[in-house]
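Residue-level structure breakdown
Here is how the chains run, residue by residue.
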Amino acid sequence: RAATPVREYDIPFYKGGSAMGYPGYDFELGANGWGACVNDGTGSSSCAGFGNEPDLSGSWHLLSLVVDRDGGELRAYVDGAETGVTAVPALGDLSGGIDASIGNDSNGGGYPFAGTLDEIRIARATRSSDWLLTEFANIDSAGFVVVGP
């Protein structure tokens, strides 16, 4: 849940990705818009937007970023709905040497997140839009939603 952005970038999760020389990935939810970036440190850097709609501030949302290497795309989702897609040509290794940081930028700490985080997941699998929509449905569901046989 994010408060009204107070800085250019409010960083809920950071493991590089924001600029060349910082391989990795991050989420940026500040006054400059809501997005996420990936960067392999060799010239392949891309960002996808979550949108900057007022109804995202002050309430809980599921923000997801999918790096689809086979499809060559970076896709952003809000509450299971795709909000941005960016081409990601030949993206290399994202691991880098930067430590992961929750609630701030670990590369100097100048961008603390103004909000509350409930759960952060990182997966190697490329999640489908149906999977992400089911994940969102399970947040407020009294039961558990099942997809597939």
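Everything here concerns the structure above.
Residues numbered from 1 in each chain as written. Predicted model: local features only at pLDDT ≥ 70, side-chain atom pairs only at ≥ 80, totals over all residues. Heavy atoms only, no water.

What follows concerns the packing of aromatic side chains. If you walk through the whole model with that rule in mind, you get one aromatic pair. Relative to Y25, the ring of F13 lies with its centre 6.0 Å away and its plane at 15°, an arrangement referred to as stacked. Here the residue F13 occupies a position in strand β1 (residues 13-15), and Y25 occupies one in strand β2 (residues 24-30), the gap between them amounting to twelve residues. Relative accessible area serves as the criterion here: at 6%, F13 is assigned to the buried category. (Phe/Tyr/Trp six-rings, centres within 6.5 Å; stacked < 30°, edge-to-face > 60°. Helix = DSSP H or I, 4+ residues; strand = E, 2+ residues; numbered from the N terminus. Buried < 20%, exposed > 50% of the residue type's maximum accessible area, 1.4 Å probe, protein only.)

A word on the nonpolar core. In this structure, V38 and F50 are the most contacted members of the largest nonpolar core, which totals 16 residues. Where this core is concerned, the elements lending two or more residues are β2, β3 (33-39), β4 (45-51) and β6 (73-78). (Core = buried A, V, L, I, M, F, W, Y, C linked by side-chain atoms within 4.5 Å.)

With that settled, the discussion passes to the environment of F13. When the C-alpha positions of F13 and A100 are compared, they lie 7.4 Å apart, and in sequence the two are 87 residues distant. With near-sequence residues (within four places) excluded, F13 lies in contact with Y25, D26, F27, A100, S101, I102, I120 and I122. (Contact = heavy atoms within 4.5 Å.)

Applying the stated criterion across every chain, the model contains five salt bridges. When the shortest N-O distance is used, the salt bridge between E119 and R121 registers 2.6 Å. In this structure, E119 and R121 share a single accessibility class: exposed. For the salt bridge of E135 with R121, the shortest nitrogen-to-oxygen distance reads 2.8 Å. Of this pair, E135 sits in helix α1 (residues 129-140) while R121 is found in the loop between β8 (101-102) and α1, placing the two residues 14 residues apart along the sequence. With relative accessibility at 54%, the residue R121 sits in the exposed group. Via salt bridges that share partners, D68, E73, R75 and E82 belong to a single interconnected network. (Salt bridge = Lys/Arg side-chain N within 4 Å of Asp/Glu carboxyl O.)

Below, the discussion takes up the environment of G30. Tracing the sequence through the fold places G30 in strand β2. On the accessibility criterion, G30 (0% relative accessible area) is buried. Separated by 81 residues in sequence, G30 and Y111 place their C-alpha atoms 9.0 Å apart.

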